[in-house]
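Chain by chain, the residues run as shown.
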4 protein chains.
Amino acid sequence: MNTWGQILTLTTFGESHGPAIGGVLDGFPAGITVDTDFVALQMQRRRPGQSTVTTGRQEKDQVEFLSGLLDGVSTGAPIAFIIRNQDQHSSDYDELKDLFRPSHADYAWEQRYGIRDWRGGGRSSARVTAPICVAGALAMLAFRKLIPALDITAFTSQIGPYSTDPSKDMNWTAVMAESNAVRCPDGELASKMEEYIHELRKEQDSTGGCVTCIVRGLPAGIGNPVFDKLEASLAKAMLGINAAKGFEYGDGFASASQRGSEHNDAFRMENGQITTATNHSGGIQGGISNGQPVRFRVAFKPTPTIGREQHTVTRNGSDTTIAAKGRHDPCVVPRAVPVVESLTALILLDQVLSSK
Amino acid sequence: MNTWGQILTLTTFGESHGPAIGGVLDGFPAGITVDTDFVALQMQRRRPGQSTVTTGRQEKDQVEFLSGLLDGVSTGAPIAFIIRNQDQHSSDYDELKDLFRPSHADYAWEQRYGIRDWRGGGRSSARVTAPICVAGALAMLAFRKLIPALDITAFTSQIGPYSTDPSKDMNWTAVMAESNAVRCPDGELASKMEEYIHELRKEQDSTGGCVTCIVRGLPAGIGNPVFDKLEASLAKAMLGINAAKGFEYGDGFASASQRGSEHNDAFRMENGQITTATNHSGGIQGGISNGQPVRFRVAFKPTPTIGREQHTVTRNGSDTTIAAKGRHDPCVVPRAVPVVESLTALILLDQVLSSK
Amino acid sequence: MNTWGQILTLTTFGESHGPAIGGVLDGFPAGITVDTDFVALQMQRRRPGQSTVTTGRQEKDQVEFLSGLLDGVSTGAPIAFIIRNQDQHSSDYDELKDLFRPSHADYAWEQRYGIRDWRGGGRSSARVTAPICVAGALAMLAFRKLIPALDITAFTSQIGPYSTDPSKDMNWTAVMAESNAVRCPDGELASKMEEYIHELRKEQDSTGGCVTCIVRGLPAGIGNPVFDKLEASLAKAMLGINAAKGFEYGDGFASASQRGSEHNDAFRMENGQITTATNHSGGIQGGISNGQPVRFRVAFKPTPTIGREQHTVTRNGSDTTIAAKGRHDPCVVPRAVPVVESLTALILLDQVLSSK
Amino acid sequence: MNTWGQILTLTTFGESHGPAIGGVLDGFPAGITVDTDFVALQMQRRRPGQSTVTTGRQEKDQVEFLSGLLDGVSTGAPIAFIIRNQDQHSSDYDELKDLFRPSHADYAWEQRYGIRDWRGGGRSSARVTAPICVAGALAMLAFRKLIPALDITAFTSQIGPYSTDPSKDMNWTAVMAESNAVRCPDGELASKMEEYIHELRKEQDSTGGCVTCIVRGLPAGIGNPVFDKLEASLAKAMLGINAAKGFEYGDGFASASQRGSEHNDAFRMENGQITTATNHSGGIQGGISNGQPVRFRVAFKPTPTIGREQHTVTRNGSDTTIAAKGRHDPCVVPRAVPVVESLTALILLDQVLSSK
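None of these values were measured; they are calculated from a predicted model.

Let's talk about the overall build of chain A
1) Next: Scanning chain A from terminus to terminus reveals 8 helices and 18 strands.
2) Next: Since a compact globule built from 356 residues should have a radius of gyration of about 21 Å, the 21 Å found for chain A is in line with a globular shape.
3) Next: Out of the 356 residues in chain A, the part that is buried amounts to 68%.
4) Next: Total accessible area on chain A is roughly 11000 Å²; 48% of this is exposed by carbon and sulfur atoms.

Encoded structure:
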């Protein structure tokens, strides 16, 4: 299915090189003013060609809203929006028609459907994250009214060998993250990451990385036990992003080597409020927010499309080689930052609306 | 919601110390013979009290099927089953009524619902995984008929400081994993893990760990692009297990520091079949299986209930301390192994049924 | 699927002659006191053997709650309940194993699943409405707290040739309807209906009929436009009742011969409130309640099981005859009255919870 | 929600006077050739201005497909399509901004959402059925490949006082129905209906009517027991059409006055096949098709918008009057015929895909 959510549902559609991509956001609260400049800003953050570390493909990514708004205010009806595809170099992909790119969805998709839109990855392209950013921007605008104190900030926490110090996660701000092309709030590290990416570009190679996301201001009591746990919904959403390989929240995989006495977050009173001394839990206990900041991390694999020659096979089963010619990001991580934030906003809004 | 799945849906219910726990499995194929011995075996693997490394609580966990079977064969109608709760020491929990256990769901649940079943964690108890094992056993039985070659094997890959070597993941068998109490297929390591758990029990502490799961024999073409990606569905299911803190598939978080040229799985022909030279992808590309073994890992935090005295607060906001008196596992990981396998079977069966 | 609802979901299970039938009600508000006497009363109203006009099968229909309650108060966790099947004369059904009863689900079910629980109709038995009445009773109890003024009253409005006057629909009360065995609030007509049913029983025949339902006190603004219209959700629920053949709301099929000038409900002010002069609309406009009483009618076919000899075929395709020997209602309509009310309560509660 | 279906899901969006209306059809089988001429034909059948008996609003209703197709063939990805709104006389609706039209959704919608798109009914306009016809056309094209023998034919069976003879339902063909402006296959009756509509137009009034639908060639075994019964799904879909007031299948409301001995459909052998002597059941038993033609009828109320002066109230609670000035159908029934067929095709395709 290409729809998700319980109360707030998002359906997306579109392929990389078809006429348009877009989405339908349903269950969105009525009476929210849609600030189209903010939406455009979020699209701008995601789109390729925004800096020297990303692909040269230039897309205006102009969002057209088709429904659900009256004089710029949401009416409770489904909000549909489209983004026309432009600046397509489909001919770049002609040779892909009859072969399977390594570590791409080409082969798996063809096994699933017996047919495949080979132009630029079709439905498997990272371009499908654009509608998510539109919908996410709308969710953020809803929160401005519903929970003004809510703040969702994601940043690049790893690129190749360069990682931020997790113990400083709570120090960073969105301004710090947005101050450089790789969206790493640790400026010194950011320079190294940029340099690394340029180097890889020269070597016709790519790199993986991680995005960390911090949510402040989420009230306690949001989420569900058992199947629709807040962390489980976040995990599903994040693993749906192209190239995502892992998700962890709170101390995550590091918890595996911890002891209970070290991991547990002791409750204590502070100014008459229940709070916790530490936040190894990452703001979620038993599927439900506990009022502490929500903290999670998403791992991304290196962009599979690289300029280097790789071995692969054709659709009719002959061995061959491929060396990508199109314009490709050596690292998707900086562009994934707004996608992570957008999905977080959507998941949280759905859970807030259904936890009432 | 306490229901999940698209075609095959599982609804579970029940609290740790209520009359019974159970589930309803709907959309299950008709004509499958339900081998109740196999179901009992799976329950036996999950239940507490099975070895010296787990809690002493003795539960028979006898499964009663209430519907959907005619002479032991599934009819296509929903299969309901219950397990009566027994051997409850509710009085162990009396003091929990008015305080919040650190890193438990107590506080978050009460914020969510304004009321909380404090007896043994209620709906937040690990006991809710019992119905999942029943349903998972049924899914495994369905696969015996639908895809006989399918093999789902999970094992303990980490407990505290002791980890198996990921490069040997494909060497292990279910028999090796089941040959010791911690379910670690590396026998030497298993001994160290057991010793470590005994030591922690003495120290009234607990430890985290990891479970790795390998699926062999899944055909290519199972899964969905974008929102219901196979890996995203697995992630959501796994993060729904009590104490789970992270999920990764294929090379997972390690991918973040890899290069594309090193991570990509080159396609090649082998005996006239398309296969890949390596399997960094973990058997899934673009949300759909590619015919290679599916491989993923789940991280678990240390059991939050420990005998040591911890600081916490009462429901009416006074500082206090707690030291658990009940019977508790110092490590949930070995018992999580059959839960991981069960959820995998359920997710895969749902995706197989809806990928037709 | 055997689950329905968006926020409040009901999953039911069970066959007529299996160990038990039951359901799981999820998304039910926390903090509702469950009055088990009221639940028992609703079960009593539905169950067979309650009067001389219904089947002689005696069932205690004792409801056992398995989860979701703490000291009789809902906790927000799924509420599971079961009713053990008793007083089964399975041998009555032995001869049905190999033939298809006319106008029953036997043949269609076997075509769907390739297997069929032939004992008493299995999953197709009217017994599946028992869990609906349990869940409906819980929904009514929730409304006592959420919308105390809400009143849902259904009654028998037609049995065979005897119909109540639709223009008097708003005159009847639940007390009037419950004062006789056929649940027809028009006492004179009720006597004729009872007599008719007794006559049919002697003739080993059966009859159809209609149930009308009136909902008072539902606030304006409950429902959804387009796909989840309030009337559409009611229609789906009602057509799910065994033997239901039609649904209409407001003036229903009579609207087809009306003119707009005659059907339209003019708005007018009354005591400073917006109201309508008439209620041809049946309290719903464009899928959403308008604050007027909701009024709808459900048609039921005659019980297909009759004592008279009927022509039919066996599973292996030979012509044969059948004359029912079991105990069967000559008319299901009086027993359908609480089922209609229960489904109405469930639909309304779901829509109220999701219209917030 | 504005989405429906289990495997095949349709999400629609758009308001009468917004930029565009459209839909997203997901779960559609891959490999179906989309004949755009056929889609255009179906749109042509639904659109206003097609004859003298319908509104004069001229809309080209040009469908633009945005995704899910490669060289005109479905790929398994979601198929999004839009229809730009044209020829809007929004000024016709200016006076509606501050009052509630009788028997329209205006008041109820405003109570639901606190805001309302007053231009031409917004989301409550019959224009929302256009995307349903696009999606329905695609479903019909899928059936050409999956079940070529399937035939879905709907026709006008009543307009005001003029009704076709139900006993002749099986005699009519699509060609007969399409041979006149009112889509009534009984030519003589059609003339009377047309005359009646012209008369009403002069009198600035409107009329209700009925559509009957016959499905031939549906195999036995399609549908579900209990909650997703085939008839229940059809009922929900049909009650979702603007102005629909009732649904009945088989003998429907007439069953209420029948006896079992008269209503039951005896099974018998015919050419080695199991069939029924009669079809009072309307092709569905226990929620599942039995291989006989499916037959149902939908009632529609008179168009609420009439030229005559009617009493109503303003948004701020003053009494006032209204006399519609826009262009409006005196009878929606002929245009509802393709909508009924489209929804039938969608429901059946979903059930066929999920009954596998």
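What follows picks up the thread again.
Some remarks on the sheet that holds strand 11 (residues 244–249) of chain B
1) Next: Taken together, 10 strands build an open sheet; the order of strands is 9(A)-8(A)-10(A)-16(A)-11(A)-11(B)-16(B)-10(B)-8(B)-9(B) and the sheet is antiparallel. Of all strands in the sheet, those bounded by a partner on one side alone are strand 9 (162–163) of chain A together with strand 9 (162–163) of chain B.
2) Next: Of the pairings in the sheet, the one linking strand 10 (residues 209–216) of chain A to strand 16 (residues 294–300) of chain A comprises 7 bridges and is antiparallel in character. Bridge pairing links isoleucine 214 of chain A to arginine 295 of chain A in strand 16 of chain A.
3) Next: With respect to the sheet, helix 8 (residues 333–354) of chain A is in contact with strand 8 (151–159), strand 10 and strand 16 of chain A, its orientation differing from that of strand 8 of chain A by roughly 145°.
4) Next: Running at roughly 145° to strand 8 (residues 151–159) of chain B, helix 8 (residues 333–354) of chain B makes contact with strand 8, strand 10 (209–216) and strand 16 (294–300) of chain B of the sheet.

Regarding the interface of chain A and chain B
1) Next: Residue-level contacts link 105 residues of chain A with 105 residues of chain B.
2) Next: Inspection of the chain A/chain B interface yields 6 salt bridges.
3) Next: Of the residues that constitute the side of chain A that touches chain B, the class distribution is 41 nonpolar, 44 polar and 20 charged.
4) Next: Relative to strand 11 of chain B, strand 11 (residues 244–249) of chain A runs antiparallel, the two sharing 3 bridges. Counterpart to phenylalanine 247 of chain A in the pairing with strand 11 of chain B is phenylalanine 247 of chain B.

A closer look at the relation of the copies chain A and chain D
1) Next: For the pair chain A and chain D, the best superposition has an RMSD of 0.0 Å and corresponds to a rotation of 180° with a translation of 0.0 Å parallel to the axis. Given the turn and translation reported, the copies of this chain are related as if by a two-fold rotation axis.
2) Next: Comparing interface residues between copies, 98% of those in chain A also sit at the interface in chain D, which points to an isologous, same-surface contact.

Focus: the relation of the copies chain A and chain B
1) Next: Overlay of chain A on chain B (RMSD 0.0 Å): rotation 180°, translation along the axis 0.0 Å.
2) Next: A symmetric contact is evident, with 100% of the interface residues of chain A recurring at the interface of chain B.

Some remarks on the packing of aromatic side chains
1) Next: One pass over the structure, following the stated rule, counts 36 aromatic pairs over all chains.
2) Next: Taking 6.2 Å as the distance between ring centres and 65° as the angle between the ring planes, the aromatic pair formed by phenylalanine 65 of chain D and phenylalanine 81 of chain D counts as edge-to-face. Within this pair, whereas phenylalanine 65 of chain D is found in strand 4 (residues 63–65), its partner phenylalanine 81 of chain D is found in strand 7 (residues 79–84), the two being separated by 16 residues in sequence. Across this residue pair, the class does not change: phenylalanine 65 of chain D and phenylalanine 81 of chain D are buried.
3) Next: Ring pairing ties together the aromatic residues Phe100 and Tyr107 of chain A together with Phe267 of chain B, which thus form one cluster.
4) Next: The ring of phenylalanine 38 of chain C is capped by arginine 144 of chain C, whose NZ or CZ atom sits 4.5 Å from the centre of that ring.

Re the environment of alanine 177 of chain B
Residues and elements named next belong to chain B.
1) Next: As for its placement among the helices and strands, alanine 177 is situated in helix 4 (residues 174–178).
2) Next: For alanine 177, a relative accessible area of 0% corresponds to the buried category.
3) Next: On a C-alpha basis, the gap between alanine 177 and alanine 190 in space is 9.2 Å, while along the polypeptide they are 13 residues apart.
4) Next: Residue contacts for alanine 177: discarding those within four places in its chain leaves Ala154, Phe155, Arg183, Cys184 and Pro185.

So, helix 1 (residues 36–46) of chain B
All names here are of chain B.
1) Next: Those residues of helix 1 that sit buried are Phe38, Val39, Gln42, Met43, Arg45 and Arg46. On an axial view of helix 1, the arc spanned by its buried residues comes to 160°, and they lie on one face.
2) Next: Where helix 1 is buried, its residues meet strand 4 (63–65), strand 7 (79–84), helix 3 (129–146), helix 4 and helix 8.
3) Next: Where helix 1 begins, the capping side chain belongs to aspartate 35, and its oxygen is found 3.0 Å from the backbone nitrogen of aspartate 37.

Some remarks on the layout of surface pockets
1) Next: Volume-wise, the largest pocket comes out at about 970 Å³.
2) Next: Contributing to the lining of the largest pocket are 43 residues, with Ile7, Leu353 and Ser354 of chain B together with Ile7 and Leu353 of chain D lying nearest its centre.
3) Next: Residue assignment for the lining of the largest pocket shows that the elements contributing at least two residues are helix 2 (106–113) of chain A, helix 8 of chain B, helix 2 (106–113) of chain C together with helix 8 (333–354) of chain D.
4) Next: Looking at the lining of the largest pocket residue by residue, the class counts come to 20 nonpolar, 17 polar and 6 charged.

Topic: the pattern of salt bridges
1) Next: By the definition in use, this model includes 92 salt bridges over all chains.
2) Next: Across the pair arginine 144 of chain A and aspartate 35 of chain A runs a salt bridge whose closest N-O atoms are separated by 4.0 Å. With arginine 144 of chain A in helix 3 (residues 129–146) and aspartate 35 of chain A in the loop between strand 3 (20–26) and helix 1 (36–46), the pair connects residues that are 109 residues apart, well separated along the chain.
3) Next: Exposure remark for aspartate 35 of chain A: the relative accessible area of 29% places this residue in the partly exposed category.
4) Next: With its nearest N and O atoms 3.0 Å apart, the salt bridge here joins glutamate 110 of chain B to arginine 116 of chain B.

Some words on the confidence of the model for chain A
1) Next: Looking at chain A, pLDDT values average 93 and 94% of them are 70 or higher.
2) Next: Among the prediction metrics, the complex's ipTM stands at 0.96, with pTM recorded as 0.95.

Concerning helix 8 of chain A
1) Next: Compared with the 32 Å implied by 1.5 Å per residue over 22 residues, the 31 Å span of helix 8 of chain A between its first and last C-alpha is a close match.
2) Next: Within helix 8 of chain A, 22 of the 22 residues are buried, which leaves it mostly tucked inside the rest of the structure.

Observations regarding the side chain of glutamine 310 of chain C
1) Next: With respect to the helices and strands, the residue glutamine 310 of chain C is situated in strand 17 (residues 310–313).
2) Next: Within polar-contact distance, the side chain of glutamine 310 of chain C engages the side chain of asparagine 264 of chain D at 2.7 Å.
3) Next: Once you skip the residues sitting within four places of it in the chain, glutamine 310 of chain C turns out to touch Pro102, Pro304, Thr320, Thr321 and Ile322 of chain C together with Asn264 of chain D.

Comments concerning the sheet that holds strand 7 (residues 79–84) of chain C
Residues and elements named next belong to chain C.
1) Next: Judged by pairing direction, the sheet is antiparallel, and its 5 strands sit side by side in the order 1-2-3-7-4 without closing on themselves. One side of each edge strand has no neighbouring strand; the edge strands of this open sheet are strand 1 (3–4) and strand 4 (63–65).
2) Next: In the sheet, strand 4 pairs with strand 7 via 3 bridges, with the strands oriented antiparallel. In the strand pairing of strand 7, phenylalanine 65 is matched with phenylalanine 81.

A few points about the interface of chain A and chain D
1) Next: Contact residues are listed per partner, giving 40 residues for chain A and 39 residues for chain D.
2) Next: Summed over both sides, the interface between chain A and chain D buries roughly 2900 Å², with carbon and sulfur atoms accounting for 63% of that surface.
3) Next: Ranking the residues of chain A by area buried against chain D places Leu66, Leu70 and Ile115 of chain A at the top, with a combined share of 19%.
4) Next: Linking chain A with chain D are 2 salt bridges.
5) Next: Where glutamate 64 of chain D meets arginine 84 of chain A, a salt bridge forms, and the shortest distance between an N and an O atom there is 2.6 Å.
6) Next: Those elements that provide at least two residues to the side of chain A that touches chain D are strand 2 (9–14), strand 3, strand 4 (63–65), strand 5 (69–70), strand 6 (73–74), strand 7 (79–84) and helix 2 of chain A.

Conventions and cut-offs
- Residues numbered from 1 in each chain as written.
- Chains lettered and ligands numbered in written order.
- Predicted model: local features only at pLDDT ≥ 70, side-chain atom pairs only at ≥ 80, totals over all residues.
- Heavy atoms only, no water.
- Helix = DSSP H or I, 4+ residues; strand = E, 2+ residues; numbered from the N terminus.
- Rg over C-alpha atoms; globule rule 2.2 N^0.38 Å.
- Buried < 20%, exposed > 50% of the residue type's maximum accessible area, 1.4 Å probe, protein only.
- Areas by Shrake-Rupley, 256 points an atom, 1.4 Å probe, with all protein chains shown as cover.
- Pairing = 2+ DSSP bridges.
- Contact = heavy atoms within 4.5 Å.
- Axes fitted to C-alpha atoms, helices over the stretch in contact; angles between N-to-C directions.
- Salt bridge = Lys/Arg side-chain N within 4 Å of Asp/Glu carboxyl O.
- Nonpolar A, V, L, I, M, F, W, Y, C, P; charged D, E, K, R; others polar.
- Least-squares fit on C-alpha atoms with pLDDT ≥ 70 in both.
- Phe/Tyr/Trp six-rings, centres within 6.5 Å; stacked < 30°, edge-to-face > 60°.
- Lys NZ or Arg CZ within 6 Å of the ring centre and 35° of its normal.
- Arc of directions from axis to C-beta.
- Polar contact = N/O pair within 3.5 Å; in protein donor to acceptor, adjacent residues only side chain to side chain.
- 1 Å grid on protein atoms, 1.4 Å probe; cavity = no way out; pocket = protein on both sides within 12 Å on 5 of 7 lines; lining within 4 Å.
- Points joined across faces, edges and corners; volume = space filled by probe spheres on them.
- pLDDT = per-residue confidence, 0-100.
- Expected span 1.5 Å × (residues − 1).
- Buried area = accessible area lost by both parts, 1.4 Å probe.

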